[in-house]
Amino acid sequence: MKNLISMRDVSSEDILKLINLAVKIEKKEVNVDFTGKLAALLFFEPSTRTHFSFETAVKKLGGNTFSMSGTSSTSVKKGETLSDTLMTISMYADIIVMRHVIEGAARFAAETVDIPVINAGDGTNQHPTQAMLDLYSIQKTQGSLKNLTIGMVGDLRLGRTVHSLSQALSDFNPKFYFASPSHLQMPNYIKDDLDKKGIVYHEIEDIKEVMHELDIMYVTRIQKERFAVLEDYEKVKDSYIITKKLLEDVKDNFKVLHPLPRVNEITKDVDDTEYAYYFQQARNGVFMRQAIITSLLNLKY
Ligand code: CP
């Protein structure tokens, strides 16, 4: 891999190699050193976890970062093109991590510059490093990625994390339940990919009826900022609220994952249960992002 743009480009072998490396990094079984490496963290859209976990990942291994959060203090405000911005940044940094509002922006960046590019989220399209840390979290909690029953809940159309994760899991024989409001269903191009691989998925409205079957429930926020009409968001914003009571009959190995941020879709009483794993999931992002950078920079360890 030279870049990480879409989970569609990542083989199951690549996934397992990255998970194995993340395990070794977390357990300090390998000596990965980013000394002298400089990562450009370009966030054209807001972020807490992705931005700060990349920064943590790089700095904890001796590397350095420079970053932008929004364009207000950059020459983008003077009319500089994305292409010229990226070319300039590539003269300074060893690797670019970029989040952008436009679908395909990360692919464009990878085609523009000669240094590796990591897609930290492009519009409603992909969020591959999130998918990789989600897979790492699933492997850690379930002991395997294979033959799992996964419920994905919430905004499956506009939420990019579920697109990347469902594609990433599709080589590991999952069974999916997709629970969403009717006009926020998983996009057809993702379902077409699953159909081609013979993956079983059911589109449902009520997650309650399948809770007892699930190994993982992956909850997502309704993506308010991507609605053109606020009234449409208001109609669906409370469609799924996961409470402790809903978890009464789940399997022992069951875990709740969420890419975060959450708004109201998981109530606070779930946080104290043995099933909540979303903050550990965010922590896992540091080790997985260290593994991804190590791999893209082809660093020895
Ligand atoms: N999961 C995730 O992408 O969170 P941020 O938007 O805070 O980076």
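Up top you'll find the structure we're talking about.
How each quantity is defined
Residues numbered from 1 in each chain as written. Predicted model: local features only at pLDDT ≥ 70, side-chain atom pairs only at ≥ 80, totals over all residues. Heavy atoms only, no water. Axes fitted to C-alpha atoms, helices over the stretch in contact; angles between N-to-C directions. Helix = DSSP H or I, 4+ residues; strand = E, 2+ residues; numbered from the N terminus. Left-handed = near helix turned anticlockwise from the far one by under 90°. Contact = heavy atoms within 4.5 Å. Nonpolar A, V, L, I, M, F, W, Y, C, P; charged D, E, K, R; others polar. Patch = residues over 30% accessible without salt bridge, like charges linked within 9 Å, V, L, I, M, F, W, Y side chains within 5 Å. Areas by Shrake-Rupley, 256 points an atom, 1.4 Å probe, with all protein chains shown as cover. Salt bridge = Lys/Arg side-chain N within 4 Å of Asp/Glu carboxyl O. Buried < 20%, exposed > 50% of the residue type's maximum accessible area, 1.4 Å probe, protein only. Pairing = 2+ DSSP bridges. Near = heavy atom within 4 Å. Polar contact = N/O pair within 3.5 Å; in protein donor to acceptor, adjacent residues only side chain to side chain. 1 Å grid on protein atoms, 1.4 Å probe; cavity = no way out; pocket = protein on both sides within 12 Å on 5 of 7 lines; lining within 4 Å. Sits in = over half its atoms within 2 Å of the grid points.

Two numbers describe how helix α1 (residues 12-26) lies on helix α9 (residues 278-296): the axes approach to 8 Å, and their chain directions differ by 115 degrees. Between α1 and α9 lies a crossing whose hand is right-handed. Contacts from Leu 18, Ile 19, Leu 21, Ala 22, Ile 25 and Glu 26 in α1 reach Arg 283, Asn 284, Phe 287, Met 288, Gln 290, Ala 291, Ile 292, Thr 294 and Ser 295 in α9. Counted by class, the contact of α1 with α9 contains 9 nonpolar, 4 polar and 2 charged residues.

As a further point, take unusual backbone geometry. Across the junction of Leu 260 and Pro 261, the peptide omega takes the value 5 degrees, indicating a cis bond. Within the secondary structure layout, Pro 261 lies in the loop between β9 (255-257) and α9. Its identity as a non-glycine residue notwithstanding, Asn 147 has a phi of 60 degrees, on the positive side. Within the secondary structure, Asn 147 sits in the loop between α5 (128-142) and β5 (149-153). Of note, Leu 260 is a non-glycine position whose phi angle comes to about 65 degrees, a positive value. Looking at the secondary structure, you find Leu 260 in the loop between β9 and α9.

It is worth spelling out a nonpolar patch on the surface at this point. Together, Met 87, Met 91 and Tyr 92 make up a nonpolar patch on the protein surface, roughly 350 Å² of accessible area in all. With respect to the secondary-structure elements, Met 91 resides in the loop between α3 (82-90) and β3 (95-100). Assessed through its relative accessible area of 59%, Met 91 is described here as exposed.

Take the sheet that holds strand β7 (residues 200-204) next. If you trace the 5 strands from one edge of the open sheet to the other, you get β7-β6-β5-β8-β9, paired in parallel fashion. Looking along the sheet, the strands with just one partner apiece sit at the ends: β7 and β9. Direction aside, the axes of adjacent strands within the sheet are offset by 20 degrees on average. By the bridge criterion, 5 bridges tie β5 to strand β6 (residues 175-179) in an arrangement that is parallel. By the bridge assignment, Met 152 is partnered in β6 with Phe 178. Packed onto the sheet, helix α7 (residues 188-196) meets β6 and β7 and runs at close to 145 degrees relative to β7.

What follows covers the site of the ligand. The full set of residues close to the ligand is Ser 47, Thr 48, Arg 49, Thr 50, Arg 99, His 127, Gln 130, Pro 259 and Leu 260. At a separation of 2.6 Å, an oxygen atom of the ligand approaches a polar side-chain atom of Thr 50. Between the ligand and the protein, one listed contact pairs an oxygen atom with a side-chain N or O atom of Arg 99 at 2.9 Å. Coverage of the ligand by the protein chains reaches 91% of its 260 Å² of free accessible surface. The pocket occupied by the ligand, as judged from atoms lying within 2 Å of grid points, is the largest pocket. Per-class residue counts for the shell around the ligand are 2 nonpolar, 5 polar and 2 charged.

Moving on, we come to the pattern of salt bridges. Any two side chains of opposite charge can pair if their charged atoms end up close together. Tallied over the full model, the rule gives 18 salt bridges. Glu 45 is the partner of Arg 226 in a salt bridge, and the nearest nitrogen-oxygen pair spans 3.1 Å. Residue Arg 226 is found in the loop between β8 (216-219) and α8 (230-236), and its partner Glu 45 is found in the loop between β1 (38-43) and α2 (49-60); the two are separated by 181 residues along the sequence. What makes Arg 226 buried here is its relative accessible area of 18%. By relative accessible area, Glu 45 is classed as buried at 12%. The shortest N-O distance in the salt bridge between Glu 55 and Lys 59 comes to 3.0 Å. Here the residue Glu 55 and the residue Lys 59 both occupy positions in helix α2, the gap between them amounting to 4 residues, near one helical turn. On the basis of relative accessible area, Lys 59 is assigned to the partly exposed category, the value being 41%. Where salt bridges share partners, they join Glu 26, Lys 140 and Arg 283 into one cluster.

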